[in-house]
Amino acid sequence: MDKNLLKETAQKMVARGKGILAADESHPTCGKRFEALGIENTSENRRIYRQMFFNSPDVEKYISGVILFDETLRQSDDAGVPFPENLNAKGLVPGIKVDTGAKDLAGFPGEKVTEGLDGLRDRLAEYFELGARFAKWRAVITIGDGIPSEGCYMANAHALARYARLCQEASIVPIVEPEVLMDGDHDIDVCDRVTTNALHLTFRQLEEQDVMLEGIVLKPSMIIPGTGAAAAGRDVVASRTVDCLKRTVPDAVPGIAFLSGGQSDEDATGHLDAMNKLGGHPWNLTFSYGRALQATAMKTWAGKAENLAAASAAFMQRARSNAAASTGEWDQTLEQSAS
Ligand code: 13P
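Since the model is a prediction, treat every value here as computed from it, not as a measurement.

Caption draft 1: Seen up close, the packing of helix H10 (residues 234–248) against helix H11 (residues 265–278). The contact between H10 and H11 brings their axes to 8 Å, and the two run at 60 degrees. What the angle tells us is that H10 and H11 run oblique. The hand of the H10/H11 crossing is right-handed. Residues Arg234, Asp235, Val237, Ala238, Ser239, Thr241 and Val242 of H10 pack against Glu266, Asp267, Gly270, His271, Ala274, Met275 and Leu278 of H11. Tallied by class, residues from the contact of H10 with H11 come to six nonpolar, four polar and four charged.

Caption draft 2: The arrangement of the pattern of salt bridges in detail. This model, assessed by the stated rule, comprises 23 salt bridges. Residue Arg240 is joined to Asp192 by a salt bridge in which the shortest nitrogen-to-oxygen separation is 3.1 Å. Remark: Asp192 occurs in helix H9 (residues 188–208) and Arg240 occurs in helix H10; sequence separation between them is 48 residues. By relative accessible area, which is 22% here, Arg240 ends up partly exposed. The shortest N-O distance in the salt bridge between Arg234 and Asp267 comes to 2.9 Å. Here Asp267 lies in helix H11 and Arg234 lies in helix H10, a separation of 33 residues in the sequence.

Caption draft 3: Region of interest: the packing of aromatic side chains. Summed over all chains, the structure comprises eight aromatic pairs. Arranged with centres 4.9 Å apart and planes meeting at 80 degrees, the rings of Tyr49 and Phe53 form a pair that is edge-to-face. With Tyr49 and Phe53 both in helix H3 (residues 43–54) and four residues apart, this pair spans about one turn of that helix. According to the relative accessible area criterion, Tyr49 is buried, its value standing at 1%. Residues Phe54 and Phe83 carry aromatic rings whose centres are separated by 5.1 Å and whose planes lie at 80 degrees to one another, so their mutual orientation is edge-to-face. Of this pair, Phe54 sits in helix H3 while Phe83 sits in helix H6 (residues 83–89), and the two are 29 residues apart along the sequence. With a relative accessible area of 0%, Phe83 lands in the buried category. One Lys or Arg, Arg133, reaches over the ring of Phe128 and ends 3.6 Å from the middle of that ring.

Caption draft 4: Highlighting the nonpolar core. In terms of nonpolar packing, the biggest core is built from 95 residues, with Ile63, Tyr163 and Phe315 touching the most fellow members. For this core, the element with the most residues is helix H13 (residues 308–325), which contributes eight residues. Phe315 has contacts with Leu21, Phe53, Ser56, Val59, Ile63, Leu293 and Ala297, leaving out every residue within four places of it along the chain. Residues Val113, Ile143, Cys152 and Ala157 belong to the second largest nonpolar core, which totals 11 residues.

Caption draft 5: Representation of the pairing of strand E7 (residues 173–180) within the structure. Counting buried residues along E7, eight of its eight residues qualify, which places the element largely inside the surrounding structure. Burial along E7 is two-sided: the face carrying Val173, Ile175, Glu177 and Glu179 and the face carrying Pro174, Val176, Pro178 and Val180 are both buried. Bridging between strand E6 (residues 134–141) and E7 involves eight bridges; their strand directions are parallel. Bridge pairing links Ala135 to Pro174 in E7. Since E6 and E7 lie parallel, the crossover through helix H8 (residues 150–169) that links them has a hand, and here it is right-handed. Both E7 and strand E8 (residues 217–218) contribute to a ladder of two bridges, which runs parallel. Within E8, the position partnered with Ile175 by the bridge is Val217. For the crossover that starts at E7, traverses H9 and ends in the parallel E8, the hand is right-handed.

Caption draft 6: The arrangement of the environment of Glu266 in detail. Summarising the element assignment, Glu266 is placed in helix H11. Look at Glu266 and you get partly exposed, because its relative accessible area is 27%. Taking the C-alpha atoms as reference points, Glu266 and Glu335, 69 residues apart in sequence, are found 8.7 Å from one another. Setting aside chain neighbours within four positions, we find Glu266 in contact with Arg234, Arg318, Trp330, Gln332 and Glu335.

Caption draft 7: Geometry of the site of the ligand. Neighbouring the ligand are Ala22, Lys136, Arg138, Glu177, Lys219, Leu259, Ser260, Gly261, Ser288, Tyr289, Gly290 and Arg291. At 2.6 Å from an oxygen atom of the ligand is found a side-chain nitrogen or oxygen belonging to Lys219. One of the backbone N or O atoms of Gly261 is found 2.7 Å from an oxygen atom in the ligand. Protein burial of the ligand: of its 300 Å² of free accessible surface, 92% is covered by the chains. Those elements that provide at least two residues to the shell around the ligand are E6 and strand E10 (284–289). A class-by-class count of the residues in the shell around the ligand yields three nonpolar, four polar and five charged.

The rules behind each value
Residues numbered from 1 in each chain as written. Predicted model: local features only at pLDDT ≥ 70, side-chain atom pairs only at ≥ 80, totals over all residues. Heavy atoms only, no water. Axes fitted to C-alpha atoms, helices over the stretch in contact; angles between N-to-C directions. Helix = DSSP H or I, 4+ residues; strand = E, 2+ residues; numbered from the N terminus. Parallel < 35°, antiparallel > 145°, perpendicular 65-115°, else oblique. Left-handed = near helix turned anticlockwise from the far one by under 90°. Contact = heavy atoms within 4.5 Å. Nonpolar A, V, L, I, M, F, W, Y, C, P; charged D, E, K, R; others polar. Salt bridge = Lys/Arg side-chain N within 4 Å of Asp/Glu carboxyl O. Buried < 20%, exposed > 50% of the residue type's maximum accessible area, 1.4 Å probe, protein only. Phe/Tyr/Trp six-rings, centres within 6.5 Å; stacked < 30°, edge-to-face > 60°. Lys NZ or Arg CZ within 6 Å of the ring centre and 35° of its normal. Core = buried A, V, L, I, M, F, W, Y, C linked by side-chain atoms within 4.5 Å. Pairing = 2+ DSSP bridges. Right-handed = clockwise from strand over helix to strand, strands pointing away. Near = heavy atom within 4 Å. Polar contact = N/O pair within 3.5 Å; in protein donor to acceptor, adjacent residues only side chain to side chain. Areas by Shrake-Rupley, 256 points an atom, 1.4 Å probe, with all protein chains shown as cover.

What follows is the structure in C-alpha cells.
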C-alpha cells in the first residue's frame, strides 16, 4: 500500500476544473443503449466508440480520468497503443470498474446488493499491472414502499468498505459509490433522509475497515425528488445536497465526484454549478458522469464512422460545460454559444 501514491492519485482525479468520464458500462448496459440507436453491440464498435472520447482534441483540459470496463482496459487505439497508455500519455488517470453488478439481496424483495469481492485481491493486482490507478464499485439503494431496509443499507456499506480497503492495499484509489436511485415518486425529504443514512453508514464502515479517507473519492447521487414527483429548483437541489454532504462526509475526503443518475444533461451541469457557486466546501465537488457526458455524443455517432468528429464535438461540449460547473463558472450562454 503506497499511501503517497493513493493521495496523489485521488488529488489528480478531483483536480480543480476537471472531472471524470464514466465509460465503464457492462456489455449488457452498453448493448441496451446501442440497441436503442440501432448500433450493433460488438467489441469493435465499443472500442471505436470509446476511443472517440479518449482521442477527443483537448480532452485533458476538462477530464482528469476515465473509468473503463475490463474489456477496454485490455484494448488498444487505432495506432496499437493500449488504452491505459493512450490515457496516461495525456495525463488522464485510467480507472477500472471492479464490481460484478448489483444482484437481488436474499431475503429483501426489491433490494440489491453489489457483488464482486471474491477474488478481488488478485484482480486488483492484475489491474494495477495493466495501468489502472483507481477503481469503482457501485452500490444501489432503491427507495420504495418500506425500503430501503436496514439490511440493505448495511450489506452495501460493508461491501463498499471491504472493496475500498482491498483497493488501497493494491495502491488503487477506490471510488466509493453509494447510489440512491431517482426512480419513484418520493419527495426530496425522503431522498435526503435515505442518502444521509446511506452515507453515515458507509463512512462508519470505511472507518471500521481502516480505509484511509485521504485516498478515496466519493461518488454520490444528488438530493433530488424522485422522477415521479414534482421537480425541485436547481438551487434547492444544490443546497440540500451540500447540506447532506456536510452532515456526513469528513473533511479528509479530497473530493466528491457526482454520478448523473438519469438527470438531463443540463440539469446535471446546472446542479453541479449551483453547488460550486455556493462555495467554501472542504472537498472539491466535481463530476463523474456517464450518461450526462455520453448521451448526446452516442446519439450523434449512431455507429457511423462519418459522425465520429461530430460526436467528439458533442462530448467536448458536455465536458467543457461540466468542467466550468466544477468551479461554479457555468451559465446558460455556454450552451447557447455551442448550439
Ligand atoms: P451516470 O452518470 O449515467 O449515472 O453513470 C455514472 C456511473 O458511473 C454509474 O455507476
